[in-house]
Every structure is written in C-alpha cells, then in structure tokens.
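Summary of the model geometry
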Amino acid sequence: PSLPVDVSGALAAVSFGAGRFVILGYSYSSTQGYLTTSTDGVTWTRGTGLSTDLHDVAYGNGRFLAVGWSTWSSEDGLAWTRLSTHPFFSTVTYGADRFLAVGSGGLTYTSWFGNWVTSPSPTRRPLSGAAWGTDPQSGQPRAVAVGESIGIYSGSAASYPGVSIADTSVVEGRSGSTLASFRV
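As the structure is a computational prediction, the values presented were derived from the model and not from experiment.

Let's talk about the overall build of the protein chain
Per the secondary structure count, the protein chain includes zero helices and 17 strands. Within the protein chain, the fraction of its 184 residues that count as buried is 46%. Long-range pairs, those at least 24 residues apart, make up 32% of the contacts in the protein chain between residues at least 6 apart in sequence. For the protein chain, the computed accessible surface area is about 9,000 Å², with 52% contributed by carbon and sulfur atoms.

Here is the structure:
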C-alpha cells in the first residue's frame, strides 16, 4: 500500500477520529492542500476540496479542525467547510473541552468550534507545537507549547484567574524565566 501523494508536497499532520485517519499537507508549488483518509491505516484515499495549505489537524468534540492560513472543519474527515482565515497557525490540539492553536509571533488562540479567540501571549517567538495534558498534582488541564528556543506551559486553572504561563527561554546562552499568563 502507498499514500496517494504528489511528490511536490509535504504531509504535515495526522489525526484519528470518527473512525478514520486523516492526513493533511501542503504543496511546495501551489496553495493547494492535501487530504488523504483511511479507515484502517493501510488503504488510503485522496480527498479533494481543500484549497489552501494546511499544517496541522486535531480531532475533538465530534469534529476535526485543520489549520494553516485558515481553519477548516469536518465531522467525518471527508466533507470539509472553511470556517475562517487568520494569521498563520502552525499547530492545533484538543483538550480541556477546547481547541488550542499556536503559530507565528507567539500567537495563542482557543476555540470551542473554530471561532478563534486570541489570548495574550508571553512571547513573540514563533510557536510550532502544542499539547494538552493533566497536571498530576491538581488534576487540572495543562497546555504546553514549544517553539523557537522557547517552551511555555499553563499552570493550574484552579490557582489563577487565567491560565498561568512560565516563559522559559535561552537568551545569549543563558536560561531565564518570567511569569506571564494567557487564557485558554
């Protein structure tokens, strides 16, 4: 078996939900997005309809959200609807009953269904990865985002009016730490 992929593109992300795998990507030579799906992880079908580069996809609350220069939504991974355009999001993840997207310039956005709400960020550095988990001591949701020489994480939602972020970075070879916050 093989993935139906044009050699001029990159597969950027994979997610599982609604009984299927969804792989999204982008072209090196155009703005056409890639969509490939599989119910068994072996046999893949090339999808159509996405007209933009996509860099990540996540599944939660009964739907997929795909991000890049715009946000797309799908309940089944096959039929997609464009929801919005926005600054570039490099990644999206689902947890704590919401989606979290991060991207260029330290952007942090949250969404319950693709209508993004911006959150103040403690950094202007590009963020390229994010994940949700649970703080083992408090049992509260915790988000972690990483990027260019930076890692930020949320504190206990029960302890702060927003979700606290410790912005740890490397500055001229030395580590520094400041406390900031953003709401998720």
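Here we look at the confidence of the model for the protein chain
Averaged over all residues, the pLDDT of the protein chain equals 77, while 76% of them reach at least 70. Throughout residues 156-182 the model reports pLDDT below 50, and contacts reaching past four residues in sequence, or to other chains, amount to 63 contacts.

Let's talk about the packing of aromatic side chains
Within the structure shown, the criterion is met by eight aromatic pairs. With centroids separated by 6.1 Å and ring planes inclined at 45°, the aromatic side chains of Phe-64 and Trp-80 adopt a geometry described as tilted. In this pair, Phe-64 sits in strand S6 (residues 63-68) while Trp-80 sits in the loop between strand S7 (70-74) and strand S8 (81-85), placing the two residues 16 residues apart along the sequence. You can call Phe-64 buried: its relative accessible area is 0%. Within the aromatic cluster, the residues linked to one another by ring pairs are Phe-16, Phe-21 and Trp-44.

Examining the sheet that holds strand S5 (residues 54-60)
If you walk across this open sheet you meet the four strands as S5-S6-S7-S8, and the pairing is antiparallel. In this open sheet, the two edge strands, each paired with only one partner strand, are S5 and S8. With direction set aside, neighbouring strand axes in the sheet form an average angle of 20°. Sheet analysis places S5 next to S6, joined by six bridges and oriented antiparallel. From the neighbouring strand, Gly-60 faces S6, where its bridge partner is Arg-63.

The rules behind these values
Residues numbered from 1 in each chain as written. Predicted model: local features only at pLDDT ≥ 70, side-chain atom pairs only at ≥ 80, totals over all residues. Heavy atoms only, no water. Helix = DSSP H or I, 4+ residues; strand = E, 2+ residues; numbered from the N terminus. Buried < 20%, exposed > 50% of the residue type's maximum accessible area, 1.4 Å probe, protein only. Contact = heavy atoms within 4.5 Å. Areas by Shrake-Rupley, 256 points an atom, 1.4 Å probe, with all protein chains shown as cover. pLDDT = per-residue confidence, 0-100. Phe/Tyr/Trp six-rings, centres within 6.5 Å; stacked < 30°, edge-to-face > 60°. Pairing = 2+ DSSP bridges. Axes fitted to C-alpha atoms, helices over the stretch in contact; angles between N-to-C directions.

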